[in-house]
Amino acid sequence: MKRSDETDRKATVGKRAAEFLVDSSDLLDTVKRTVEQHYRVVAEPNSDHAMHYLDTFDWRLYRSSWILYATHNKSGQKLVLETREGGMLQSIVVAELPLFAQDLPAGRLHEAIGDLIEPRRLLAHAHMRVGEQTLRVLNADEKTVVRLVLQTRALRTSARENTDTLLPAVVRVVPVKGYVEEHHMLSAFLENEFGLSAVPQCAFVSAMQSAGLTPGGYKSKVTISLRPQMRADDAVRAIHQSLLDIILANADGVRHNLDPEFLHDFRVAIRATRSALRQIKGVFPDNEAKHFSNEFKWLGAATGSVRDLDVFLLKMEAFRAELPTDMRNDLGPLEKYLHVHHDKEHHHLVDTLDSRRYRALMDDWSTFLGNPAPVETGTCHGAAQPVVELASDRIWRTYRRVWRRARKIDEETPAEALHALRIECKKLRYLLEFFSSLYPRDEMRALIQPLKQLQTTLGNFNDREVQQLNLRRIANEMYQERLASADSLLAMGRLMDHLQQEQLEELKRIHTRFATFSQPDNREQYRRTFKRSVEEAH
């Protein structure tokens, strides 16, 4: 199921427990004794369990207001999905913790988050050891009307760490169906008796905040805020530092092949770095910019084969769906071939990441970005100019190149020309995203959206072209090595025909996308935002 809206979510999620933070174990003991004195209670045995908070590397669940965790004790483990406010959707016993969407147990939990996390791996972002005692509060009929859960907690943010962070204890007032008033009364009693205030989020959020951590902190794009009058070289260094942070954040996931999105973000940040070095001239010494541009070109090239194979493997189910039912299994040898070659190419990529050249590039680039801005001499003639002038000039020039290329597109335009246009669109989008904080947010969104649609369509067209070429090459290799039967080769041929048809459909969409991109209002907005800024600066 796709992400449900907030109304549907509230309708399907149970009422949340009231949760209070307690600073000391002594106060926790006092709360227990006081409740036992004022209410009829039954104390259940103390228990200890581990909690593992699961999310993707880019926090897709948290950003969509979901919290997924597993609890583990002597009797087994459960998987629990809650809202970020603490309302529970489902709790289910599992034999093993899920790694990917296809590992999630069928049911409401899978329907809620399966599509959301695909194709990312679920990672344990934090581990919590919980000591717990539950007091069942009874009414005159000896029925349980509310549960009071007392917890002590210790947080470990990495399985490789040897130390725990002690967190504030928790008092949870858990409602029982049909006894809403009793839940409210006990919550109010705790607030009045001890001056406690219910926290507005679930245990995970409060735990991470108590440990000084920031759920959702990773960003796959440059999100820095620039000031219009900043020196251009300071601003560009900040942009490059943000991109380097993305590269370094994803390197370990690339090395261990955790999921395809690590390499995707790693590769995009490398391309964006090289694009900035080549487009934004006059702020760094030419020899330094050229050296680092060449080194990032080398690193980007080392990622290409693995990424191409990732894309193929991600699309295998869709490829099968396009074939007649009786031909779908004939793609088995192709999938096996892709996995074997993926493992081989990934091994080569790891060798690159372990190489002296890669380590030198990361160290030298980090050092360069951390150095003070040079005096405006030689080839750094634009280093001291206000960044808004530099940004407006580069964006306007790049927009005009895109416009001139795109106007020449027709049904006879060769794939090479469309590929060149795609590259120019990508350069323009990088610049808009790098410098978006310098301009009104709504205006930038209005400019980026039609460009993004045009770029996506051009990218789809190019992907189909590359996939056809690669599939033809792979079919020849499999034929020469006797790795494919006649049926498998026929299925691959049908697949190439399908890809060609999709490519033709994308070509038609390109004209529609360009028509939107080239509307007079959009052209005037570029002129008003960027050309006028350049003219005013001079």
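Definitions and cut-offs
Residues numbered from 1 in each chain as written. Predicted model: local features only at pLDDT ≥ 70, side-chain atom pairs only at ≥ 80, totals over all residues. Heavy atoms only, no water. Core = buried A, V, L, I, M, F, W, Y, C linked by side-chain atoms within 4.5 Å. Buried < 20%, exposed > 50% of the residue type's maximum accessible area, 1.4 Å probe, protein only. Contact = heavy atoms within 4.5 Å. Patch = residues over 30% accessible without salt bridge, like charges linked within 9 Å, V, L, I, M, F, W, Y side chains within 5 Å. Areas by Shrake-Rupley, 256 points an atom, 1.4 Å probe, with all protein chains shown as cover. Salt bridge = Lys/Arg side-chain N within 4 Å of Asp/Glu carboxyl O. Lys, Arg positive; Asp, Glu negative; His and termini not counted. Charge placed at Lys NZ, Arg CZ, Asp CG, Glu CD. Helix = DSSP H or I, 4+ residues; strand = E, 2+ residues; numbered from the N terminus. Axes fitted to C-alpha atoms, helices over the stretch in contact; angles between N-to-C directions. Parallel < 35°, antiparallel > 145°, perpendicular 65-115°, else oblique. Left-handed = near helix turned anticlockwise from the far one by under 90°. Nonpolar A, V, L, I, M, F, W, Y, C, P; charged D, E, K, R; others polar. Domains from an automatic or database assignment. Phe/Tyr/Trp six-rings, centres within 6.5 Å; stacked < 30°, edge-to-face > 60°. Lys NZ or Arg CZ within 6 Å of the ring centre and 35° of its normal.

Draft legend 1. Summary view of the nonpolar core. Within the largest apolar cluster, 91 residues are counted, with the highest numbers of intra-cluster contacts made by F266, F434, F435 and Y526. Those residues in contact with Y526, other than ones at most four positions away along the chain, are W396, Y399, L428, L432, L447, L451, F517 and K531.

Draft legend 2. Broad picture of a positive patch on the surface. Taken together, the side chains of R400, R404, R405 and K408 make up a positively charged region of the molecular surface. The topology assignment puts K408 in the loop between α13 (387-407) and α14 (415-434). With a relative accessible area of 67%, K408 lands in the exposed category.

Draft legend 3. Representation of the packing of α13 against α14 in the model. One way to put it is that α13 packs onto α14 with a least axis distance of 9 Å and a crossing angle of 155°. The orientation of α13 relative to α14 falls into the category roughly antiparallel. Considering the relative orientation of α13 and α14, their crossing is left-handed. In this structure, α13 uses R394, I395, T398, Y399, R401, V402, R405 and A406 to contact α14, whose residues at the interface are A420, L421, E424, C425, K427, L428, L431 and L432. Along the lines of polarity and charge, the residues of the contact of α13 with α14 split into ten nonpolar, one polar and five charged.

Draft legend 4. Geometry of the domain arrangement of the chain. Segmentation of the chain into domains returns domain 1 (13-210), domain 2 (229-370) and domain 3 (385-538). Domain 1 and domain 3 are separated by 47 Å when their C-alpha centres are compared.

Draft legend 5. The arrangement of the packing of helix α9 (residues 286-314) against helix α11 (residues 332-353) in detail. Two elements in contact, α9 and α11, have axes whose closest approach is 9 Å; the angle formed by their N-to-C orientations is 160°. Looking at the two axes, α9 sits roughly antiparallel to α11. In the crossing of α9 with α11, the sense of the turn from one axis to the other is left-handed. The segment α9 lies against α11, with W298, L299, A302, T303, S305, V306, L309, D310, F312 and L313 engaging E335, L338, H339, H341, H342, E345, H346, L349 and T352.

Draft legend 6. Structural detail: the side chain of H49. Summarising the element assignment, H49 is placed in strand β3 (residues 47-55). Excluding anything up to four places from it in sequence, H49 contacts T71, H72, N73, M128, R129, V130 and E132.

Draft legend 7. Highlighting the packing of aromatic side chains. Tallied over the entire structure, the rule returns 21 aromatic pairs. Centre to centre, the rings of Y53 and Y69 are 5.5 Å apart; their planes meet at 50°, and the pair counts as tilted. Pair noted here: Y53 is in strand β3 and Y69 is in strand β4 (residues 66-73), with a separation of 16 residues, a long-range link. Across the pair, Y69 and Y53 agree in class, each one buried. Arranged with centres 5.7 Å apart and planes meeting at 35°, the rings of W403 and F514 form a pair that is tilted. One end of the pair, W403, is in helix α13; the other, F514, is in helix α16 (residues 486-517), with 111 residues separating them in the sequence. Each member of the pair, W403 as well as F514, carries the same accessibility label: buried. Clustering of aromatic rings is evident, with ring pairs tying together W396, Y399, W403, Y439, F514, F517, Y526 and F530. Over the aromatic face of F262 sits the side chain of R120, whose NZ or CZ is 4.5 Å from the ring centroid.

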